[in-house]
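# Analysis of the macromolecular model
Each chain, written out:
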Amino acid sequence: QNLAFRMGIPMAVALVTKNGGVLCQMVIGVTVMKHAYTGTQILAAVCVTVGIVIVLLSTSIFDEDYGNTPFGSDEGEYHEMLAAFVLLLAMMCRSGGNAVTEIAFQQTGKRYTESMFFVHAAGLPLLLTNAPQLLDQ
């Protein structure tokens, strides 16, 4: 995600995309975890995803400042697609991590405090590598 921010993706696009991992989670659930979902659950995930696509399109097309950003220029089109791909990849990685956590909880029991500690402790060194960008924000 930090890479997508460095590429200049608008914050509104990043927030909507970041929180739209329902369909990714379902794809990982079906392919890796062998979960089965009802038609209502699938329809709900598709509706959320369609809503996200509509928001993303409306943000980039109707934004008054769109032409003044790197994404608004003609050469920024591929840059925008690459940033969106990076966010999609981040969502898939997060969904894969959720599947790994679910498997670990099934095998060892639910140890939330340990899980939260390791997730946050493992992320701290990554924050240090991006300290200048974080301080600028």
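Shown above is the structure to which this text applies.
Here's a quick rundown of the structure. (Residues numbered from 1 in each chain as written. Predicted model: local features only at pLDDT ≥ 70, side-chain atom pairs only at ≥ 80, totals over all residues. Heavy atoms only, no water.)

## Regarding the overall build of the protein
If you tally the helices and strands in the protein, you get 7 helices and 0 strands. When the helices and strands of the protein are placed in sequence order, the string is α-α-α-α-α-α-α. The long-range share in the protein, meaning contacts at least 24 apart out of those at least 6 apart in sequence, stands at 66%. Accessible area of the protein: about 9700 Å², with a carbon and sulfur share of 68%. (Helix = DSSP H or I, 4+ residues; strand = E, 2+ residues; numbered from the N terminus. Contact = heavy atoms within 4.5 Å. Areas by Shrake-Rupley, 256 points an atom, 1.4 Å probe, with all protein chains shown as cover.)

## Here's the deal with the nonpolar core
In terms of nonpolar packing, the biggest core is built from 7 residues, these being Met7, Ile9, Val13, Ala14, Ala83, Val86 and Leu87. Elements supplying a minimum of two residues to this core: helix H2 (11-18) and helix H5 (76-108). A total of 3 residues in this core trace back to one element, the largest contributor, which is H5. (Core = buried A, V, L, I, M, F, W, Y, C linked by side-chain atoms within 4.5 Å. Buried < 20%, exposed > 50% of the residue type's maximum accessible area, 1.4 Å probe, protein only.)

## Considering the environment of Leu88
Relative to the elements of secondary structure, Leu88 occurs in helix H5. A relative accessible area of 40% means that Leu88 is categorised as partly exposed. Residues Leu88 and Thr17 lie 71 residues apart in sequence; the distance between their C-alpha atoms is 7.9 Å.

## Details of the environment of Asn98
With respect to the element layout, Asn98 can be found in helix H5. Measuring from C-alpha to C-alpha, the distance between Asn98 and Ile28 comes to 9.2 Å, with 70 residues separating the pair along the chain. Polar side-chain contacts of Asn98 include one of 3.0 Å to the side chain of Gln25. (Polar contact = N/O pair within 3.5 Å; in protein donor to acceptor, adjacent residues only side chain to side chain.)

## Quick notes on helix H6 (residues 112-129)
For H6, with 18 residues, the first-to-last C-alpha span of 27 Å sits near the 26 Å given by 1.5 Å per residue. Of all the 18 residues making up H6, 0 are buried; the element is thus mostly uncovered. (Expected span 1.5 Å × (residues − 1).)

## Structural notes on a nonpolar patch on the surface
Together, Leu23, Val27, Ile42, Val46, Val50 and Ile54 give the surface a local cluster of nonpolar side chains, amounting to about 460 Å² of exposed area. When contributions to the nonpolar patch are tallied by element, the ones reaching two or more residues are helix H3 (22-31) and helix H4 (39-62). By residue number, the principal contributor to the nonpolar patch is H4, which donates 4 residues. Classification of Val50 by relative accessible area gives partly exposed; the value is 43%. (Patch = residues over 30% accessible without salt bridge, like charges linked within 9 Å, V, L, I, M, F, W, Y side chains within 5 Å. Salt bridge = Lys/Arg side-chain N within 4 Å of Asp/Glu carboxyl O.)

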